[in-house]
Amino acid sequence: QVQLVESGGGLVQAGGSLRLSCAASRITFSINEMAWYRQAPGKQRELVASITRGGITNYAESVNGRCTISRDNAKNTVSLQMSSLKPEDTATYYCNAVDRKAYAWWGQGTQVTVSS
């Protein structure tokens, strides 16, 4: 089964930047869409940004203009560059990949904490 491993989370002050990365391995079927979701305590998991295999991106309104998602199809990696971080960006961030069989795979999550 597909394994997604995230890295790059941590503690940052408000206004700072972080780059999250995710590498996919054990891939049986090619990956179509990759995305980053986040879940804050007591809240539902929400989409942060997604990118298709062809490079079409989509961003949540709350992060639009502050985040950039990118991927390397050859390496099966996806990254999320976040800037101008706010305390409300604090959450566990999850990497997501959907293969061509439409099955969704999830990483274990990486914590992002933004202090005010």
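Keep in mind the model is a prediction, meaning the values are calculated, not measured.

Caption draft 1: Focus on the nonpolar core. Ranked by size, the top nonpolar core spans 29 residues in total, and within it Leu 4, Trp 36, Val 78, Leu 80, Met 82 and Tyr 93 carry the most contacts. Looking at this core, the elements with two or more residues in it are strand 3 (18–25), strand 4 (31–39), strand 5 (46–51), strand 7 (67–72), strand 8 (77–82), strand 9 (91–99) and strand 11 (110–115). If we skip the residues at most four places from it in the chain, Leu 4 touches Cys 22, Ala 23, Ala 24, Cys 95, Asn 96, Ala 97, Trp 105, Trp 106, Gly 107 and Gln 108.

Caption draft 2: The environment of Asp 89, seen in detail. With respect to the helices and strands, the residue Asp 89 is situated in the loop between strand 8 and strand 9. You can call Asp 89 buried: its relative accessible area is 2%. The spacing of Asp 89 and Asp 72 is 17 residues in sequence and 25 Å in space, taken between C-alpha atoms. Each residue touching Asp 89, except ones within four places of it in the same chain, is listed here: Arg 38, Val 63, Arg 66, Ser 84, Val 112 and Val 114.

Caption draft 3: Local environment of the state of the cysteines. Counting across every chain of the model gives one disulfide. Here Cys 22 engages in a disulfide with Cys 95; their sulfurs sit 2.1 Å apart. Disulfide Cys 22 to Cys 95: torsion about the S-S bond roughly -80 degrees, handedness left-handed. Remark: Cys 95 occurs in strand 9 and Cys 22 occurs in strand 3; sequence separation between them is 73 residues. Assigned by exposure class, Cys 22 and Cys 95 land together as buried.

Caption draft 4: Representation of the sheet that holds strand 7 in the model. Taking strand neighbours across the sheet as the criterion, the four strands line up as 1-3-8-7 in an open arrangement whose pairing is antiparallel. Single-partner strands in this sheet number two, and they are strand 1 (3–7) and strand 7. When strand polarity is set aside, the average angle formed by the axes of neighbouring strands in this sheet is 15 degrees.

Caption draft 5: Spatial organisation of the packing of aromatic side chains. Under the criterion given, the structure shown has two aromatic pairs. Aromatic side chains Tyr 37 and Trp 106 sit 4.9 Å apart centroid to centroid with 65 degrees between the ring planes, which places their arrangement in the edge-to-face category. Highlighted residues: Tyr 37 in strand 4 and Trp 106 in strand 10 (residues 104–106), separated in sequence by 69 residues. Their ring planes at 55 degrees and their centres at 4.7 Å tell us that Tyr 103 and Trp 105 sit as a pair that is tilted.

Caption draft 6: Region of interest: the pattern of salt bridges. By the definition in use, this model includes three salt bridges. Between Arg 38 and Glu 46 there is a salt bridge whose closest N-O contact spans 2.7 Å. Among the ionic pairs, Arg 38 bridges to Asp 89, the shortest N-O distance being 2.9 Å. A residue pair is termed long-range when its members are at least 10 positions apart, and Arg 38 in strand 4 and Asp 89 in the loop between strand 8 and strand 9 qualify at 51 residues. Through salt bridges with shared partners, one network takes in Arg 38, Glu 46, Arg 66 and Asp 89.

About the criteria used
- Residues numbered from 1 in each chain as written.
- Predicted model: local features only at pLDDT ≥ 70, side-chain atom pairs only at ≥ 80, totals over all residues.
- Heavy atoms only, no water.
- Core = buried A, V, L, I, M, F, W, Y, C linked by side-chain atoms within 4.5 Å.
- Buried < 20%, exposed > 50% of the residue type's maximum accessible area, 1.4 Å probe, protein only.
- Helix = DSSP H or I, 4+ residues; strand = E, 2+ residues; numbered from the N terminus.
- Contact = heavy atoms within 4.5 Å.
- Disulfide = S-S within 2.5 Å.
- Pairing = 2+ DSSP bridges.
- Axes fitted to C-alpha atoms, helices over the stretch in contact; angles between N-to-C directions.
- Phe/Tyr/Trp six-rings, centres within 6.5 Å; stacked < 30°, edge-to-face > 60°.
- Salt bridge = Lys/Arg side-chain N within 4 Å of Asp/Glu carboxyl O.

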